[in-house]
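Now for the letters of each chain:
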Amino acid sequence: MNNADVACLLFAPLTIRGFTAPNRVMVSPMQQYASDDSGKANDLHLVQLGRFAMGGAGMVIAEATAIEPIGRMSHTDLGLWSDEQIEPLARVASFISSQGSIPGIQLVHAGRKASMQAPWDGMGPLTQADMARGEAPWETIGPSAISPGPGWQVPLEMTGADIIRNVGLWASAARRAADAGFRIIDLHGAHGYLLHAFLSPISNHRTDRYGGSLENRMRFPLEVVSAIRAAIPADCALFYRLSVLDGIEGGWTVEDSLIFCRELLALGVDVIDCSSGGAISDRTSDVRVRRGYAFHAPYSRAMRDGLDDGLVATVGLIVDPHQAEAILRSGDADIVAIGRELLADPNWTHHARNVLLGESYDDWPQEAGWWLDKRVGALRKLQDSGETPMTRYQDSTM
Ligand SMILES: Cc1cc2nc3c(=O)[nH]c(=O)nc-3n(C[C@H](O)[C@H](O)[C@H](O)COP(=O)(O)O)c2cc1C
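This structure is a prediction, so every number in the text was calculated from the model and none was measured.

Enquirer: What am I meant to see in the packing of aromatic side chains here?
Expert: Here a ring pair, both rings aromatic, is described through the centre-centre distance and the interplanar angle of the planes. Evaluated as defined, the whole model comprises six aromatic pairs. Here the aromatic rings of Tyr240 and Phe260 are separated by 5.4 Å at their centres, their planes lie at 75°, and the arrangement is edge-to-face. Here Tyr240, found in strand S10 (residues 237–243), pairs with Phe260, found in helix H6 (residues 254–266); they are 20 residues apart in sequence, far enough to count as distant. The pair Tyr240 / Phe260 is uniform in exposure class, with both members buried. Taken together, a centroid distance of 5.9 Å and an interplanar angle of 85° make the contact between Trp252 and Phe260 edge-to-face. An aromatic cluster of three or more residues is present, and its members are Tyr240, Trp252 and Phe260. The residue whose ring lies beneath Arg72 is Trp138, and the NZ or CZ to ring-centre distance is 5.0 Å. Sitting above the plane of the Tyr193 ring, Lys113 keeps its charged end 5.5 Å from the centroid.

Enquirer: Even after reading the chapter, I still don't get the nonpolar core, so can you show me in this structure?
Expert: One recurring pattern in soluble globular proteins is that nonpolar side chains are buried together. Core analysis: the biggest nonpolar cluster contains 87 residues, and Leu10, Ile185, Leu187, Phe220 and Ile272 have the highest contact counts within it. Looking at this core element by element, the count peaks at eight residues for helix H3 (residues 160–179). Excluding residues within four positions of it along the chain, Ile272 makes contact with Tyr240, Leu242, Cys261, Leu264, Leu265, Leu307, Leu311, Val312 and Ala313. Listed in part, the 16 residues of the second largest apolar core include Ala21, Ile102, Ala237 and Ala337.

Enquirer: Please explain the side chain of Thr349 as it appears in this structure.
Expert: With respect to the element layout, Thr349 can be found in helix H11 (residues 348–357). The contact partners of Thr349, leaving out residues within four places of it in the chain, are Phe11, Asn23, Val25, Gly55, Gly56, Ala57 and Leu342.

Enquirer: I'm lost on helix H12 (residues 366–385) in this one. Help?
Expert: Every α-helix winds through 3.6 residues per turn, so residues three or four apart in the chain are directed the same way. Between its terminal C-alpha atoms H12 stretches 29 Å, which fits the 28 Å expected from 20 residues at 1.5 Å a residue. Among all positions of H12, only Gly369, Leu372 and Val376 are buried. The buried residues of H12 all sit within an arc of 65° when viewed along its axis, so they share a single face. H12 presents Glu367, Trp371, Lys381 and Ser385 as exposed residues on the side facing more than 90 degrees away from its buried surface.

Enquirer: What is the right way to read the layout of surface pockets from this model?
Expert: Here the idea is plain: a probe the size of a water molecule rolls over the atoms and shows the empty space left. Size it by volume and the largest pocket reaches roughly 1300 Å³. Along the walls of the largest pocket sit 43 residues, with Pro29, Met123, His191, Arg241 and Arg291 positioned nearest its centre. Elements with a minimum of two residues in the lining of the largest pocket: helix H7 (284–288), strand S13 (335–338) and helix H10 (340–344). It is H10 that provides the largest number of residues to the lining of the largest pocket, a total of three residues. Approximately 260 Å³ is the volume found for the second largest pocket.

Enquirer: So what exactly am I meant to see when it comes to the site of the ligand here?
Expert: Around the ligand there are 15 residues in total, and Ser28, Gln106, Leu317, Gly339 and Arg340 lie nearest to it. A distance of 3.2 Å is found between an oxygen atom of the ligand and a backbone nitrogen or oxygen belonging to Ala64. The side chain of Arg241 places a nitrogen or oxygen atom 3.0 Å from an oxygen atom of the ligand. Here the ligand, which alone exposes 610 Å², has 82% of that area covered by the protein. Structurally, the ligand is housed in the largest pocket. Per-class residue counts for the shell around the ligand are six nonpolar, seven polar and two charged.

Calculation rules
- Residues numbered from 1 in each chain as written.
- Predicted model: local features only at pLDDT ≥ 70, side-chain atom pairs only at ≥ 80, totals over all residues.
- Heavy atoms only, no water.
- Phe/Tyr/Trp six-rings, centres within 6.5 Å; stacked < 30°, edge-to-face > 60°.
- Helix = DSSP H or I, 4+ residues; strand = E, 2+ residues; numbered from the N terminus.
- Buried < 20%, exposed > 50% of the residue type's maximum accessible area, 1.4 Å probe, protein only.
- Lys NZ or Arg CZ within 6 Å of the ring centre and 35° of its normal.
- Core = buried A, V, L, I, M, F, W, Y, C linked by side-chain atoms within 4.5 Å.
- Contact = heavy atoms within 4.5 Å.
- Expected span 1.5 Å × (residues − 1).
- Arc of directions from axis to C-beta.
- 1 Å grid on protein atoms, 1.4 Å probe; cavity = no way out; pocket = protein on both sides within 12 Å on 5 of 7 lines; lining within 4 Å.
- Points joined across faces, edges and corners; volume = space filled by probe spheres on them.
- Near = heavy atom within 4 Å.
- Polar contact = N/O pair within 3.5 Å; in protein donor to acceptor, adjacent residues only side chain to side chain.
- Areas by Shrake-Rupley, 256 points an atom, 1.4 Å probe, with all protein chains shown as cover.
- Sits in = over half its atoms within 2 Å of the grid points.
- Nonpolar A, V, L, I, M, F, W, Y, C, P; charged D, E, K, R; others polar.

Below, the structure written as C-alpha cells:
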C-alpha cells in the first residue's frame, strides 16, 4: 500500500496472516487484577475488553496471561496453564469477534518479577504481611539468582531442564489461546519479565549456552518463539512486545533489539510491539525513557527503519486522533497501541473516526449508532434556536 494514496491510515484495514483488522488501533494489554487464584476470566474481563471492541478498536489484546501459576505477577492475574481456563476466555474472544474486532491475548511468565502486590496494594513484592489478604508470596525463578531490586526475592536460577520445561509451557498456553479463538498471540517479552530477563545483561549472568554473548542471551526467547509458532495455526498472528532498550548503563540496547528482531521475524513473528524499560524493579528506567506524548515512537521508528520486513507497533501516551494518524503517516509505526486513553474513553476509536473522517455513526454498534445519528439532528436544532443546556437554569442561584 502506498501511504500517500490513503486518505486516512488509522482507518485503513490491515491484513496480517489470516485476518484483516478494520483499523490500526490496538488495545494495549492491560492487567485488570480481577481474577482469583483460579486464573480464570470472569464477567469483568468480558465487559472491559468487550467495550473496547464495541468502541471500535481494530485489535483487542487481553492482558498478560500467565503460562504457569508461578509466572503470574499477582494472585489476581489471568492464566492459561490449564484447559479449564480456555472456556471463559473463549467467551471473551467470541464477543470481541462478534463486534468486528480481532481478539488477541498476551502471554507472560513474570520470572523474577512475579509474586507482586496489585497496584493498589503497593505494587511491591509480596511478603508475609500480605497473607492478611490471603496473598502468600511464592518462590520466583529467573535466568540468574539476582534480585530485581531491594526488598525483592532472589529468584532460583533456572536449570537446563527448567528451561526446556518452560519452553513447553509457553507452547501449551499458546495452543490453548488459539483454541479459545484468539487470532493474535502477543508474547510479553518486555518490562523485566522472564523473556526480557534472559535478554538483558542486567539480569542474565549465566555462563552456559543461555548466557554471556548476545547470541546466547537470545537463545531462550527464540526457542520460545519457535515452539509457539509450531504450536499455533499458521493463520494465527504472533506479536512480540519488546523492551527496545533498558535505559540502564550496561543493559539491553536499541542495537541489540535490531539484531534480535531480525531473528524474531525470521521465526515467524509478525509484529514487533515496541515498549521499554523494566529490567530492574524500581522505576528509574521509566525516568530514563522520558514519558512525553508517543514516548516510544523514536524506538518503534528505529525498529521500522532498521528492519527489512515485519510490522511495528508503538505505545505510550497516544491520546489524540491527529497524533495517531501522524504516527502512522510519518512512518514511526504501522499500528498504534493505546492503553489508558481507552480506559478513559472506551469509544475513543469511534470518536477518532468522526474527527478524522467526519461525523457518522455507521460504524458504531447499531444499538447506539442509530440513536446517536438522531441525536445529532436534535442537538443541531437546539443549537440553531439558541437554546443551551443551561437556558432553563440561567437565573438559578445554585
Ligand atoms: C492498568 C494497566 C495495566 C497494564 N498491564 C499491562 C500488561 O498486562 N501487559 C503489558 O505489556 N503492559 C501493560 N500495561 C502497559 C500498557 O500496555 C501500555 O504499554 C502503557 O500503559 C503505556 O500506554 P498508554 O500511555 O497508552 O497507557 C498496563 C498499563 C495499565 C495502565
